Amino acid sequence: MYKPASMIAAICRLATAALVATSVSMPFPVLAQSTSSLVARGAYLVNLGSCEHCHTPGHFLGQRDPTKKLAGSDVGFQVPMQGTVVGPNITPSKETGIGNWTRPEIVHALRTGERPDGRILSTIMPWPELAKVKTQDLEAIAAYLQSLPPIENHTPGPFGEGEPIPIPTLRVVPPEIQ
């Protein structure tokens, strides 16, 4: 039976596969690291994983806003039978980002797709692939995200199927099943 696949999710998964390959081939022991080297490793992995694409306003509109890096997208991702999600603010803003999350909670969300409030992340987020990344690399990603300046930027959504969407949206349209 044909299962519709998301082109955006496929691209995210490809970037994450590169991150997984790097994580597996380049050990980076956490215990022997200074905080600055842990944050540097996290920055490297976040850039390699192209997290900025889905979590920075303007990226998909060709006008990335460098003052709001990782502060949430301004474009929705509409996935059949799931609705529309917007890449959220992943800066340490306590009001609009992940500033209230602990480092272990960030690592848990990256590994399992489960947020601290129990909600499950959209399948557009490649957390199943991130589950294969070494714990110390997920901790480095979390350390990097927590080191960023907090940026207040509320992202709308998620939106259920059929709900009006007030922002530009990338829509996945699978071919008809015959």
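Quick look at the structure, then.

## Observations regarding the packing of aromatic side chains
Reasoning step 1: The full count for this structure, using the stated rule, is 1 aromatic pair.
Reasoning step 2: Ring geometry for Phe-60 and Phe-77: centres 5.5 Å apart, planes at 85°, overall edge-to-face. Remark: Phe-77 occurs in strand 1 (residues 76–79) and Phe-60 occurs in the loop between helix 3 (51–55) and strand 1; sequence separation between them is 17 residues.

## Some words on unusual backbone geometry
If a residue is not glycine, its phi is most likely negative; likewise, a peptide bond is most likely trans.
Reasoning step 1: The omega torsion of the bond from Gly-157 to Pro-158 falls at 5°, within 30 degrees of zero and hence cis.
Reasoning step 2: Relative to the elements of secondary structure, Pro-158 occurs in the loop between helix 6 (135–147) and strand 3 (169–171).
Reasoning step 3: Look at Met-81: it is not a glycine, yet its phi comes out positive at around 65°.
Reasoning step 4: Note on placement: Met-81 falls in the loop between strand 1 and strand 2 (83–86).

## Side note on the nonpolar core
Reasoning step 1: In this structure, Leu-70, Ile-106, Ile-141, Tyr-144 and Leu-145 are the most contacted members of the largest nonpolar core, which totals 23 residues.
Reasoning step 2: If you list the elements that add at least two residues to this core, you get helix 2 (35–48), helix 4 (103–112) and helix 6.
Reasoning step 3: Top element by residues in this core is helix 6. It accounts for 7 residues.
Reasoning step 4: Residue contacts for Ile-106: discarding those within four places in its chain leaves Ile-98, Trp-101, Ala-142, Leu-145 and Gln-146.
Reasoning step 5: If you look at the next biggest cluster of nonpolar residues, it comprises 5 residues, including Phe-77, Val-79, Val-85 and Ile-124.

## Comments concerning the pattern of salt bridges
Reasoning step 1: Under the criterion given, the structure shown has 4 salt bridges.
Reasoning step 2: Note that Arg-41 is salt-bridged to Asp-137, the shortest N-O span being 3.1 Å. Highlighted residues: Arg-41 in helix 2 and Asp-137 in helix 6, separated in sequence by 96 residues. When sorted by exposure, Arg-41 lands in the same class as Asp-137, which is buried.

## Remarks on the sheet that holds strand 1
Reasoning step 1: Spatial strand order, 2-1-3: 3 strands in an open sheet with mixed pairing. Strand pairing shows two members of the sheet lacking a second neighbour, strand 2 and strand 3, which therefore form its edges. Averaged over all pairs of adjacent strands, the angle between their axes in this sheet comes to 25°, without regard to strand direction.
Reasoning step 2: Pairing between strand 1 and strand 2: 4 bridges, direction antiparallel. Residue pairing across strands places Gln-78 opposite Thr-84, the latter belonging to strand 2.

## Considering helix 6
The periodicity of an α-helix, 3.6 residues per turn, causes residues three or four places apart in sequence to face the same way.
Reasoning step 1: Relative to the 18 Å expected for 13 residues at 1.5 Å per residue, helix 6 spans 18 Å between its end C-alpha atoms, a close match to the ideal helical length.
Reasoning step 2: Among the residues of helix 6, Asp-137, Leu-138, Ala-140, Ile-141, Ala-142, Ala-143, Tyr-144 and Leu-145 are the ones counted as buried.

Rules used in this analysis
- Residues numbered from 1 in each chain as written.
- Predicted model: local features only at pLDDT ≥ 70, side-chain atom pairs only at ≥ 80, totals over all residues.
- Heavy atoms only, no water.
- Phe/Tyr/Trp six-rings, centres within 6.5 Å; stacked < 30°, edge-to-face > 60°.
- Helix = DSSP H or I, 4+ residues; strand = E, 2+ residues; numbered from the N terminus.
- Core = buried A, V, L, I, M, F, W, Y, C linked by side-chain atoms within 4.5 Å.
- Buried < 20%, exposed > 50% of the residue type's maximum accessible area, 1.4 Å probe, protein only.
- Contact = heavy atoms within 4.5 Å.
- Salt bridge = Lys/Arg side-chain N within 4 Å of Asp/Glu carboxyl O.
- Pairing = 2+ DSSP bridges.
- Axes fitted to C-alpha atoms, helices over the stretch in contact; angles between N-to-C directions.
- Expected span 1.5 Å × (residues − 1).

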